[in-house]
Every structure is written in structure tokens, then in C-alpha cells.
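Here is how the chains run, residue by residue.
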Amino acid sequence: MKIFNALRLPAPNTADQAGLAKVTIRIFKIVGLLALLVIALVFPPQISPDTATTGIAVLALMFGAWATAWNIFSGYTGYIALGHATFFGSGAYALAIMCQRWHIGNQLDGSGGDISLLSLHIPADYAPFLLVPLAGLIAGLIALPIGWIALHTRRHTFIVITIAIFFIFQLLAENNIGNLTDGTKGLEFPNPSWQYPFYNFPFYYAMLAILVLALAVSWWVRHSKYGLGLLAIRDDEDRALGLGVKTGLFKLSAFVISAFFAGMIGAVWGYSLSSVFPQSAFDPLNDITLALMAFMGGLGTLAGPILGALIVEWAKLNFDSVLVRAQQNLPFLRHSAEGSGGDTSGYYLIIYGALFLVVIFLLPEGIVPTLRKWWLSWLARRSRVHAPDTTEAANQALPVAVEQAEQREG
Amino acid sequence: MTIYIEAIVVGVLSGGVYALMASGLSLIFGVMEIINIAQGALVILGAYLSYLFMQNYHIDLFAGLLLTIPIMFVLGVIIELLVIRPLKRERTMFSILVTYAVALIIEGVLILTFTNTPVSLHAWYITASIPVGGFGGQPFYLPYIDIFTFALSLVLLGGLYWLLYRTEFGRSLRASMQNRTAAELIGINVERISAITFGIGVAVTAAGGMAFGTTRPFLPGDSYDLISRLLVIIVLGGMGSLRGALVGSLALLVIGDVTAVVWSPVWSSTVFYGLLIALLLFRPQGIFGQREGRKQ
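*Asks:* Any chance you could explain the overall build of chain A here in plain terms?
*Replies:* Broken down by element type, chain A carries 17 helices and four strands. Buried positions account for 53% of the 410 residues belonging to chain A. Within chain A, contacts between residues at least 6 apart in sequence are counted, and of these 78% link residues at least 24 apart. Carbon and sulfur atoms provide 68% of the accessible area of chain A, an area that totals close to 18700 Å².

Structure representation (C-alpha cells):
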């Protein structure tokens, strides 16, 4: 730095500093992502084969994928959809119905067997996975008219409409519309012949595949002109429209893409449970869980929703064991456990609600953007310490450049 | 013929109760641009409070309201101070998430306190009914409670009207409703108005909850169905409009009850939701709502 001053050259453009920070962050991201992927690939069989842990791992991946998919629409466009379980449930029901009608997979009545596709031999247990993308497509098709209607409205009315549509779907499933859903009795999936602890592995890898795919799509959207249009909608929809962004088409397509993934995830989830009910497939708690995860990690970021999902699921896992211990040791908890018949859902709800409040008030931007901000301001401070000779103007320009870089990153 | 008249009468009577609950929601939105997702859970909480006083102290349901309404008012003010006021940016969006969290906490507390088994409210006027005459056919029987709760709703809605349009406080409140910043500029303490408005909006759920609890056995999870109905009512009527809340509730209940008679009870909500969606295609702002302007 001193040499520049001596030569009377202008100080290096401080935006480069922010650019450097961005590159470092990108390298971190790629390395971290690959490491995570490797860990995720070997995790269940190698590290922890016990059923409870892999069960939670399946859920963590499921919510990671789902929150990523949710983020493609809600995070990028700023339209918070609180009825995403509509498509999750639709996907689950679609797969159950298809397996039943077409006798795919290991049916209870003995029908359905191994199938051959393109000279590949596919065992009956794995056959339902082939229909998962189709279930996703059906969910996407369902999302098309819903999105078209709901996106007539803006912001808060939109949120309300998505909630209303979600409850319509729950009612439709309960009312056995078109003899498809069998009402509150629910539907049975084919019964895989896998034994524990292997049982969770196929679902684990299916969820992982969907997660990777969703992440790839999310990354592509984030770095494409299309994604730029979505972000423009989030920032100022009318101005984006004025500048020639086809806002209606952009919003609707993002809505359908995210519903497609939700449908696939719901289908795999349903198969892993072997049965699906209106109350569990269309669960209002899932709607808010997604939003919680995305908000916690960072709305509109790539890694945020996954991070949020991992934290929430991990917390749930630990919470269970803590609760059991607490109920044994604390008299008032023991009493309430007896009162509610060992039902811990009350505690879940309280913890969820409290966690959500904490996240919104302490980390309103989410973990990932907050960390990025700290990292950038640390870089800025460091460069100031190392370059005391730079001009006053440059010192003032740095935070601006950092801010601009942040805005570009979202 | 009689069954249609009965369906319409019952629809109007229960519509009054929903109007009360929805007006609280609409009032809060109108003044603060806050959507209180916890309204459904608060209604259930109100019902449980009535149950508590009835079961433990044998207080009559209507007399119990003298206790539960102030309790719910204070609770509303506390919620406003704790979680609504700290919201600084994108208040509408964040209010939905924050009040959803509040709803979850309330539901959790209710499950821990009262368990997940349904309870019901008891009083002589819930089971007794009076015949309502003829219209050229068989008379039908109306439970006293329907008439009582409708009257209660009318009284409370009338009180709300009086408060809003005949008092100094109401004038300040309506000023805040029209333009928050301008109201602040002419010296209205908008923060105080907001806290009180939230309190009032929550206080009506005490009465609404009691009325809801008399119609059927309830449990903590019922709040979801309720909040979706309330939200739909205010979206239909136009958000922030009290007239809209009234018209929306009557439409929901009358259409629902008539569908139940003509077709089948399982379709009553679905038909209404379908109509709502059809309406929103043509009037996204609802019946009495104002079209959302461009906001910077």
C-alpha cells in the first residue's frame, strides 16, 4: 500500500477488496458443499447405522430439500407461501394412488413385482421411486391454477390465500374427492420388504438426490437472468414490470418449480411411512416449519434453508432426549406429562414458537447473511489495520463497496 | 321450504358470532397493518377460559365474560408490546410469522394444561331450544344459545361501533387507520392507540370463544380451522373493513349452512372457498377493500 502512496498512485479500488471477499466466500462455499456432500453420501451406512439417527437424517434431508424448494419461490420473489404442504400432500397422495391403481411396488395383496425398464431390472421395492418425478409433475400441474389464482394478489393477501387453499386441500382429502383419497382412513403405500436398519437408507438417498437437484436448480436460478427477474420482483414488483420483467410468468413458473419439488419430496416421505392421511400429509405445522427454517438460515440464500433445516432437526433430536430426562427429574414436568398422557406435542409447539420468535428478533436476516456481514466487516477492518495510509475517502468508500457486494449477493 | 329458512336463520345467527371474531382481526389490520394469525388460537383460549371458570368456580358463561374479556384485553396488549412493537421493517410480513409463533405457543400451553381431549361447555340454555313458528310449514327449533350469542355479538359490535364512531378515542383510531404518519403528525399517540386496538381486537375473542365453545366440543387444534375461516372472511370482505367483516361472516355462514342442507355438510366449506376464489379473480381486494396502492 505504501508504494502506491509513494508513487502518487490512487489507492487500489476498494471494490476489489469486496470482490476478493466474494471470491473467498465462493471458494469456502464450494469446498464446504463438496465436503458436506461426501459426508452426506457415506453418513448412514458408515457413521451411524442406528435406526433412530437415520430416521432423523431422512427428515433433515427432507426438510432441507423442501426448504430449498420453498426458497426458490418464496425466498427469491419475497412472496411468502404459507400453504406449501398443499403440494407436499398432493405428491404423497399422487404416488399412493398411482401405485395402487397400476400395481407398482410390493402391494399388500401380492400383486406388483419386479419390473424391467430399458433393459434395467428394477426390484419391486424400488419401483415406486420411478414414479416420484411423476408425482412431482402432478403436484406442479396442481400448482399451476392455484398459483395463477393466488398470484392475482400481493404480499399479505397472497399469504392468506395460500393458507386458505391449503385448508381446501385438506378438506378435499378428508371428503374423499372423486373417490381418490379414501377420506380420513387414508391410503396405503406398497410395503417395502426392507428390514431395519437398512430400511431408512433408500429413502435417505432418495431425499439426498432430490436435495442435490433442488440445490442445483436453486443455484441456477440464483445466477441466471431469470433469478435476477425474481429478485427484482422481491425488491419492487411494479418497477420490475415497468422495466420489462414478465412478472406474472416469472412468479408463476417459480411457484410451479417449487411445487414440483415439494410433490416429489412428499411422495418419498409418504412411501417411507407406508401410509398417508389427510392430517399428516396436509400438516399446517409443516407450513410454518419451512418458513422457520428458511428464515433462520437466511431467506433468499442458497445454503440458508439447508442450514436452518439441519439446525431445527438436530434440535428436535436432542430435544426429545432432554425432555425424557427432564420429565424423570423435574416433578412439575412429570405431572404435566401424566396429565397429557405422555403427549409431548405441547412442548414441541412452545419450543417451535419460541425458537421462531428468537430467530426473527435476534437474526432477522438469518444466519447466512449475518455471518457474511460479519465476515465482510472483519475483512474491512483488517484491511484498514493493514493499510493505515490509504486515504480517508477510500476508508469511507469501503463500507459502501461492501454494502454493494452484499446487495449483489442478496 | 322450512329447512331453507332454518338454514338461513341459523347461518345469520352464527354469522354474527363470526363477525365479532373477524371484526377484531379486521380492526387490527386496519389500524396497524398487522395480520394476527394468533386470532384463532386466542378464540380457543377464550373458550378454554370460559370452560375454566365454568368448571372450577361454577360461573355462568355470560357472567364469566366479565372476567375473560378484561383478561384477553390485557393479554392482547402484552402481545402487542412484546412481539408486535419491536417489528420495524416489513411489519405485515413479519407480523404473520410472529403471530403464528404466538399461536403455536398458545396451542402448546393449552395442550399441556387441558390435554388434547375435547371438552364442551355446559349451561341450561345450550340444550334447551324454542320452536320458531311456521312460515307455512313445520316449525323448527332454535337453541336459546344461538339467540343469546347473536344478541351478545350485536351488543358488542354495537359497542365497538360506538367506540369507533362516537368517542374521541375512536376518532384518533380512525385517523390512525387512514394515515398513520399524518395521525402521528397531528399529535395522536399512535403507539398507544395500536396497543389498545390490539387489546380490543383480542378481547372480542373472549366472547367469540365462549360462543364457539357452546356450538361443539373443542380442543386446542381447532384453532387452525378457525383462523383459516376468519382470514377468509376478512379477505372476502376486504381487509381492514369492519363492514366487510360483517358481510363476509354472514356470507360464509349462510352459504355454508344452505350448502349443507341442499347438498351435504362435508361440502359446505369447500363451496364457500370456491366462491371466494372466484370472487378474488375479479376483485382481489375483496368486497369493501381498497385497491392496494403502490408502496415505496
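*Asks:* For this particular structure, what's the right way to read the overall build of chain B?
*Replies:* Secondary structure assignment for chain B yields 12 helices and two strands. From first element to last, N terminus to C terminus, chain B shows the α and β order α-α-α-α-α-β-β-α-α-α-α-α-α-α. Its C-alpha atoms give chain B a radius of gyration of 19 Å, near enough to 19 Å, the size a compact globule of 296 residues would have. Each of the three principal axes of chain B carries a C-alpha extent, and together these read 60 × 50 × 35 Å. When burial is assessed residue by residue, chain B has 56% of its 296 residues classed as buried. Here the analysis covers contacts within chain B between residues at least 6 apart in sequence; of these, 75% occur between residues at least 24 apart. Carbon and sulfur atoms form 66% of the exposed surface of chain B, whose accessible area is close to 12500 Å². Looking at chain B, you have 16 positive and 14 negative side-chain charges, and the mean spots of the two groups are 11 Å apart.

*Asks:* I would appreciate a short explanation of the interface of chain B and chain A in the present structure.
*Replies:* Taken together, the contact pairs 44 residues of chain B with 48 residues of chain A. Summing the contributions of chain B and of chain A, the shared interface buries around 4100 Å²; its carbon and sulfur component is 80%. Counting the surface chain B buries against chain A, the share from its top three residues, Met93, Leu97 and Leu112 of chain B, is 15%. Counting across the interface, chain B meets chain A through zero salt bridges.

*Asks:* Please explain unusual backbone geometry as it appears in this structure.
*Replies:* Among all residues save glycine, negative phi is the norm, and among peptide bonds the norm is trans. Residue and element names in this part refer to chain B. Even without glycine at this site, Glu33 takes up a positive phi of about 55°. When its relative accessible area of 35% is taken as the criterion, Glu33 is described as partly exposed. One non-glycine residue, His58, lies in positive phi territory at about 55°. Positionally, His58 belongs in the loop between α2 (39-57) and α3 (61-84).

*Asks:* Explain helix α8 (residues 225-235) of chain A here, please?
*Replies:* One full turn of an α-helix is made of 3.6 residues, so residues set three or four places apart face in the same direction. Three or more residues of α8 of chain A are buried, namely Tyr226, Gly227, Gly229, Leu230, Leu231 and Ile233 of chain A. Those residues of α8 of chain A hidden inside the fold are in contact with α3 (51-77), α6 (155-174), α7 (200-222), α9 (237-242) and α10 (247-273) of chain A.

*Asks:* What's the story with the packing of helix α10 (residues 223-237) of chain B against helix α11 (residues 242-262) of chain B in this structure? I'm lost.
*Replies:* Relative placement of two packed helices is described by the angle separating their axes and the distance separating the axes. All names here are of chain B. One can describe the packing of α10 onto α11 by two numbers: an axis separation of 7 Å at closest approach and a directional angle of 120°. Taken as axis vectors, α10 and α11 run oblique relative to one another. Where α10 crosses over α11, the two elements pack in a sense that is right-handed. Between α10, through Arg229, Ile233, Leu236 and Gly237, and α11, the contact on the second element is made entirely by Gly244, Ala245, Gly248, Ser249, Ala251 and Leu252. Across the contact of α10 with α11, the residue classes tally to five nonpolar, four polar and one charged.

*Asks:* It is not clear to me how the nonpolar core should be interpreted in this structure. Could you clarify?
*Replies:* For soluble globular proteins, nonpolar side chains are generally found buried alongside one another. Membership of the largest hydrophobic core comes to 204 residues, with the highest contact counts inside it found for Trp66, Leu82, Leu95 and Val276 of chain A. Beyond its immediate stretch of four places on either side in the chain, Leu95 of chain A contacts Pro128, Leu131, Val132, Ala135, Phe189, Ala267 and Tyr271 of chain A.

*Asks:* Is there a simple way to think about the pairing of strand β2 (residues 140-143) of chain B in this case?
*Replies:* Within a regular strand, the side chains alternate between the two sheet faces. All names here are of chain B. Burial along β2 is one-sided: the residues Phe140 and Leu142 are buried and none of Tyr141 and Pro143 is. Of the pairings in the sheet, the one linking strand β1 (residues 129-132) to β2 comprises four bridges and is antiparallel in character. Across the sheet, residue Pro131 finds its bridge partner in β2, namely Tyr141.

*Asks:* Is there a simple way to explain the side chain of Ser218 of chain A in this structure?
*Replies:* The topology assignment puts Ser218 of chain A in helix α7. When residues no more than four places from it in sequence are discounted, the contact partners of Ser218 of chain A are Thr68, Ile72, Tyr76 and Leu302 of chain A.

*Asks:* Would you explain the packing of aromatic side chains in this entry?
*Replies:* Two measures describe an aromatic ring pair: the distance that separates the ring centres and the angle between the ring planes. Residues and elements named next belong to chain A. Under the criterion given, the structure shown has 39 aromatic pairs over all chains. The interplanar angle of 90° and the centroid separation of 5.5 Å between the aromatic rings of Phe87 and Phe255 together place this pair among those described as edge-to-face. Separated by 168 residues along the polypeptide, Phe87 in helix α4 (residues 85-102) and Phe255 in helix α10 bring together distant segments of the chain. When sorted by exposure, Phe87 lands in the same class as Phe255, which is buried. Aromatic ring contacts, followed pair by pair, group Tyr126, Phe129, Phe189, Trp194, Tyr199, Phe203 and Tyr271 into a single cluster.

*Asks:* Where do I start with the packing of helix α1 (residues 2-32) of chain B against helix α9 (residues 190-215) of chain B in this structure?
*Replies:* All names here are of chain B. Packing of α1 against α9 leaves a shortest axis separation of 8 Å and a crossing angle of 165°. As the angle between them shows, α1 and α9 are arranged roughly antiparallel. When the axes of α1 and α9 are compared, the crossing they make is left-handed. Where α1 abuts α9, its residues Val17, Tyr18, Leu20, Met21, Gly24, Leu27, Ile28, Val31 and Met32 lie against Ile193, Ser194, Thr197, Phe198, Ile200, Gly201, Val202, Val204, Ala207, Gly208, Ala211 and Phe212. Here the residues of the contact of α1 with α9 are counted per class, giving 16 nonpolar, five polar and no charged.

*Asks:* Teacher, can you tell me more about the environment of Asp235 of chain A here?
*Replies:* Residues and elements named next belong to chain A. The residue Asp235 is located in helix α8 in this model. The class for Asp235 is exposed, based on a relative accessible area of 61%. Along the primary structure Asp235 and Gly78 are separated by 157 residues, whereas in three dimensions their C-alpha atoms are 8.0 Å apart.

*Asks:* What is the right way to look at the pattern of salt bridges in this model?
*Replies:* Close approach of charged atoms lets side chains of opposite charge pair. Enumeration over the complete set of coordinates arrives at eight salt bridges over all chains. A salt bridge links Arg239 of chain A to Asp236 of chain A, with the shortest nitrogen-to-oxygen separation between them at 3.8 Å. Its relative accessible area of 45% is what places Arg239 of chain A among the partly exposed residues. For Asp236 of chain A, a relative accessible area of 14% translates into the label buried. With a shortest N-O distance of 3.3 Å, Arg216 of chain B and Asp222 of chain B are connected by a salt bridge.

*Asks:* Just checking my understanding: could you explain the side chain of His84 of chain A for this structure?
*Replies:* Residue and element names in this part refer to chain A. Note that His84 resides in the loop between α3 and α4. Relative accessible area serves as the criterion here: at 1%, His84 is assigned to the buried category. Side-chain polar atoms of His84 contact the side chain of Trp66, separated by 3.0 Å.

*Asks:* Would you explain a nonpolar patch on the surface in this entry?
*Replies:* All names here are of chain A. Side chains of Ile30, Leu34, Leu37, Leu41, Val42 and Val212 sit close together on the surface and give an oily, nonpolar patch of about 490 Å² of accessible area. Broken down by element, the nonpolar patch gets its largest block of residues, five residues, from helix α2 (residues 14-47). Examined against the element boundaries, Ile30 turns out to sit in helix α2.

*Asks:* Is there a simple way to think about α1 of chain B in this case?
*Replies:* Residues and elements named next belong to chain B. Taking 1.5 Å of rise per residue, the 31 residues of α1 would be expected to cover 45 Å, and the 44 Å separating its terminal C-alpha atoms lies within 8% of that figure. Counted residue by residue, α1 has 23 buried out of 31 residues, so it is predominantly covered. Downstream of α1 by a residue or two, Glu33 has a phi angle that is positive, lying close to 55°.

*Asks:* Looking at this structure, I do not really get the confidence of the model for chain A. What am I missing?
*Replies:* A low pLDDT means the predicted coordinates there should not be read in detail. All names here are of chain A. Taken over all residues, the pLDDT of chain A has a mean of 79, while the share at 70 or more is 79%. Across chain A, α10 holds the top mean pLDDT of 94, while helix α1 (residues 2-6) sits lowest at 43. Contacts of residues 1-12 to residues separated by more than four positions or lying in other chains number nine contacts, the stretch itself having pLDDT below 50.

Criteria and thresholds
Throughout this document, residue positions are counted from 1 along each chain, in the order its sequence is written. Going through the entries in the order they are written, you letter the chains from A and number the ligands from 1. Two thresholds apply to this predicted model, a pLDDT of at least 70 for residue-level local features and 80 or more for giving and counting side-chain atom pairs, whereas whole-chain, interface and lining totals are computed over all residues. Hydrogens are left out, water is left out, and the side-chain values use all remaining heavy atoms of the structure. Put simply, DSSP marks the helices as runs of H or I at least four residues long and the strands as runs of E at least two long, and each gets a number from the N terminus on. For the exposure calls, accessible area comes from a 1.4 Å probe over protein chains only, and a residue counts as buried if that area is under 20% of its type's maximum, exposed if over 50%, partly exposed in between. Contact definition: two residues touch when any of their heavy atoms are within 4.5 Å. Residue-level accessible areas treat just the shown protein chains as cover; the underlying method is Shrake-Rupley with a 1.4 Å probe. Here the globule rule reads 2.2 Å times residues to the power 0.38, and the radius of gyration is calculated from C-alpha atoms. Residues counted as positive are Lys and Arg, residues counted as negative are Asp and Glu, and His and the chain ends are not counted. Charged groups are reduced to one reference atom each: NZ for lysine, CZ for arginine, CG for aspartic acid, CD for glutamic acid. Put simply, buried area is how much 1.4 Å-probe accessible surface two parts lose in total, over both of them, once they are put together. Salt bridge, as used here, is a side-chain nitrogen of Lys or Arg placed within 4 Å of a carboxyl oxygen of Asp or Glu. To obtain an axis, a line is fitted to C-alpha atoms, over the contacting stretch when the element is a helix, and the angle between two such axes runs from 0 to 180 degrees between their N-to-C directions. Angles below 35 degrees are treated as roughly parallel, those above 145 as roughly antiparallel, those between 65 and 115 as roughly perpendicular, and all remaining angles as oblique. What makes a crossing left-handed is the near helix being turned counterclockwise from the far one by less than a right angle; a clockwise turn instead makes it right-handed. Note on residue categories: nonpolar means Ala, Val, Leu, Ile, Met, Phe, Trp, Tyr, Cys or Pro, charged means Asp, Glu, Lys or Arg, and polar means any other residue, Gly included. Within this scheme, the nonpolar core is defined by two criteria: the residues are buried Ala, Val, Leu, Ile, Met, Phe, Trp, Tyr or Cys, and they are joined through side-chain atoms within 4.5 Å. Should DSSP find at least two bridges between two strands, the strands are regarded as paired. Note on aromatic pairs: the rings of Phe, Tyr and Trp (six-membered ring only in Trp) are paired at centre separations within 6.5 Å, and the planes decide the class, stacked below 30 degrees, edge-to-face beyond 60, tilted for the rest. Identification of polar contacts relies on pairs of N or O atoms within 3.5 Å, with a donor-acceptor requirement for protein atoms, meaning one able to donate a hydrogen and the other able to accept it, and with residues adjacent in sequence counted only if both atoms are side-chain atoms. Nonpolar side chains (Val, Leu, Ile, Met, Phe, Trp, Tyr) within 5 Å and like charges within 9 Å form the patches, drawn only from residues with over 30% relative accessible area and no salt bridge. Take the number of residues in a helix, subtract one, and multiply by 1.5 Å to get its expected span. For every residue, the predictor states its confidence as a pLDDT score lying anywhere from 0 to 100.

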